Amino acid sequence: QVTLVESGGGLVQAGGSLRLSCAASARAFSSLVMGWFRQAPGKEREFVAACTKYSTTYYADSVKGRSTISRDNAKNTVYLQMSSLKPEDTAVYYCAARYGIHSSQMNEYNYWGQGTQVTVSS
C-alpha cells in the first residue's frame, strides 16, 4: 500500500515560483515511478511530469523548461519545482505513483494523493 501526501501549494503571482512536495509512505519508494498531474476547473486531469526509479524525468510540453521534478529516496519524497508560473498553471496538483515503467497516462497510476491547490494570479 502506498499513501501520498502533497504539500507546498498556494497563491503566487505570475512569474513566481513554487515547490510542491509529495511524501510517500511506501516500503519500496525507490522502486516507484512518481508523477505529477494537474486538473484545472472544468478540464480533465493532465500529465505534468514524472520521475522513474532511475531518476529519468519526463515533462509535459506545457511545463518543460519551467519545471523540475526530482526525488529524494532517503526521504521518500518527490518534488516539483515550478518557476515562471502562468495563470494557466492554476490547478489542483496531484502526486501519483505506480510500479513499473514511466507513463504519462493517468489511468496507469495506482496511487494518488489528495491534491494541493496552486493558484497563479495575473
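Remember, predicted model here, so these are calculated numbers, not experimental data.

Caption draft 1: Structural view of the environment of Ser7. Position of Ser7 among the secondary structure elements: in strand E1 (residues 3-7). The partly exposed category is assigned to Ser7, whose relative accessible area is 36%. Sequence-distant contacts of Ser7, that is, excluding residues within four places in its chain, are made with Arg19, Leu20, Ser21 and Thr116.

Caption draft 2: Just the sheet that holds E1, in detail. Across the sheet, which stays open at both edges, the four strands sit in the order E1-E3-E8-E7 with antiparallel pairing between neighbours. Since the sheet does not close on itself, it has two edges, and those belong to E1 and strand E7 (67-72), each with one partner. The average angle at which neighbouring strand axes cross in this sheet is 15°, direction not considered. Here E1 pairs with strand E3 (residues 18-25) via five bridges, running antiparallel. Looking at E3, one finds that Leu4 is bridged to Ala24.

Caption draft 3: Inspection of the pattern of salt bridges at higher detail. This model, assessed by the stated rule, comprises four salt bridges. The partner of Arg38 in a salt bridge is Glu46, with the nearest N and O atoms 2.7 Å apart. On the basis of relative accessible area, Arg38 is assigned to the buried category, the value being 6%. By relative accessible area, Glu46 is classed as partly exposed at 36%. Arg66 is the partner of Asp89 in a salt bridge, and the nearest nitrogen-oxygen pair spans 2.8 Å. In this pair, Asp89 is assigned in the loop between strand E8 (77-82) and strand E9 (91-99) and Arg66 in the loop between strand E6 (57-59) and E7, connecting sequence segments 23 residues apart. Three or more residues are tied together by salt bridges with common partners; here these are Arg38, Glu46, Arg66 and Asp89.

Calculation notes
- Residues numbered from 1 in each chain as written.
- Predicted model: local features only at pLDDT ≥ 70, side-chain atom pairs only at ≥ 80, totals over all residues.
- Heavy atoms only, no water.
- Helix = DSSP H or I, 4+ residues; strand = E, 2+ residues; numbered from the N terminus.
- Buried < 20%, exposed > 50% of the residue type's maximum accessible area, 1.4 Å probe, protein only.
- Contact = heavy atoms within 4.5 Å.
- Pairing = 2+ DSSP bridges.
- Axes fitted to C-alpha atoms, helices over the stretch in contact; angles between N-to-C directions.
- Salt bridge = Lys/Arg side-chain N within 4 Å of Asp/Glu carboxyl O.

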